[in-house]
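Report on the structure
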Amino acid sequence: KKRVKLNETNFVVKEKFQQYGKVLELLGDGRLKAVCEDNQVRICTIRGKLKNKVWIRKDDIILVSLRDFDEKKGDVIHKYDEKQIKQLLSLRELDKEKLEMFSNTN
């Protein structure tokens, strides 16, 4: 994870083999279905570090770490709140077109 310090808050931006995604459906047992920037739907596992500390709901924007051995699976490594999404937009890490694409995948 690459952390960027902006306005005295740390948040994570994507690196190689990571993509931004939107939660489509919660599957239970620490798993969820998410659509990523490449329009591929993946089954993602919530990392143990996040599992009981960060509550992830449908339509949340997340950072997914891709698996090199299975393109249909990934791991959730971060959940973004509204303030962090605005910061990503201002840093041009996430553009409005991708955010609208995520909004249209209901």
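Residues numbered from 1 in each chain as written. Predicted model: local features only at pLDDT ≥ 70, side-chain atom pairs only at ≥ 80, totals over all residues. Heavy atoms only, no water.

**Quick notes on the overall build of the protein**
Regarding its fold elements, the protein presents three helices and seven strands. Secondary structure elements of the protein, listed N to C terminal, follow the sequence β-β-β-β-β-α-β-β-α-α. Burial status across the protein gives 35% buried among its 106 residues. Long-range contacts, defined here as pairs at least 24 residues apart, represent 53% of the contacts in the protein between residues at least 6 apart. Surface accessibility of the protein: about 6,800 Å² in total, with carbon and sulfur atoms responsible for 46%. (Helix = DSSP H or I, 4+ residues; strand = E, 2+ residues; numbered from the N terminus. Buried < 20%, exposed > 50% of the residue type's maximum accessible area, 1.4 Å probe, protein only. Contact = heavy atoms within 4.5 Å. Areas by Shrake-Rupley, 256 points an atom, 1.4 Å probe, with all protein chains shown as cover.)

**Focus: the pairing of strand β7 (residues 73-80)**
The sheet contact formed by strand β5 (residues 41-46) and β7 spans four bridges and is parallel. By the bridge assignment for β7, Thr45 is matched with Asp75. Direction of pairing for strand β6 (residues 61-66) relative to β7: antiparallel, over a ladder of six bridges. Each residue of the ladder has a partner; that of Leu66, found in β7, is Gly74. Where β6 folds back on β7, the antiparallel hairpin that results is connected by six residues. (Pairing = 2+ DSSP bridges.)

**Remarks on the pattern of salt bridges**
Side-chain pairs of opposite charge can arise where the charged atoms are in close proximity. Tallied over the full model, the rule gives six salt bridges. The salt bridge partner of Asp59 is Lys22, with a shortest N-O separation of 3.5 Å. Separated by 37 residues along the polypeptide, Asp59 in the loop between α1 (48-51) and β6 and Lys22 in strand β3 (residues 18-28) bring together distant segments of the chain. Residue Asp59 is classed as partly exposed on the basis of its relative accessible area of 38%. The buried category is assigned to Lys22, whose relative accessible area is 5%. (Salt bridge = Lys/Arg side-chain N within 4 Å of Asp/Glu carboxyl O.)

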